[in-house]
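Remarks on the overall topology
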Amino acid sequence: MREQARLLSGTKFRIQEQFPRKINDARKKLFPIMNEARRNGQKVSLVRDKLYIDGREHIPEPTDT
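Here is what the cut-offs are and how they apply
- Residues numbered from 1 in each chain as written.
- Predicted model: local features only at pLDDT ≥ 70, side-chain atom pairs only at ≥ 80, totals over all residues.
- Heavy atoms only, no water.
- Helix = DSSP H or I, 4+ residues; strand = E, 2+ residues; numbered from the N terminus.
- Expected span 1.5 Å × (residues − 1).
- Bend = angle between axes of the 7 residues up to and from the residue.
- Buried < 20%, exposed > 50% of the residue type's maximum accessible area, 1.4 Å probe, protein only.
- Contact = heavy atoms within 4.5 Å.
- Pairing = 2+ DSSP bridges.
- Axes fitted to C-alpha atoms, helices over the stretch in contact; angles between N-to-C directions.

On to helix 1 (residues 21-39), then. Across its 19 residues, helix 1 extends 28 Å between first and last C-alpha, which sits within 8% of the 27 Å expected from 1.5 Å per residue. Along helix 1, the sharpest kink reaches roughly 35°, centred on L30 and followed within four residues by the proline P32. Turning to helix 1, its buried residues number three or more, namely I23, R27, L30, M34 and A37. Here the buried face of helix 1 lies against strand 1 (44-47) and strand 2 (50-53). G41 occupies a position one or two residues after helix 1 and carries a positive phi of about 80°.

This is the structure:
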């Protein structure tokens, strides 16, 4: 199904992956780190709730939130 998502290009519809709330919350915390790494020219991929920068898993520092 997701492979066919390109057919929706230019329409008001889109297809997104849906993750459980716990994974979505973890991804939200990783987005700023991911964007900064991309700006620095590093190869970045986000797989479920894990961030890989230049092929190595990035584990963020724990915060008091």
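That covers the picture; the talk isn't over yet.
Attention shifts here to the sheet that holds strand 1. Taken in spatial order, the three strands make up an open sheet running 1-2-3, and their pairing is antiparallel. Edge strands, defined here as strands with exactly one partner in the open sheet, are strand 1 and strand 3 (56-58). Averaged over neighbouring strand pairs, the angle between their axes works out to 35° when direction is ignored. Alignment of strand 1 against strand 2, held across four bridges, turns out to be antiparallel. The residue of strand 2 that forms the bridge with S45 is Y52. Strands in contact with helix 1 are strand 1, strand 2 and strand 3; relative to strand 1, the strand with the most contacts, it is inclined by about 165°.

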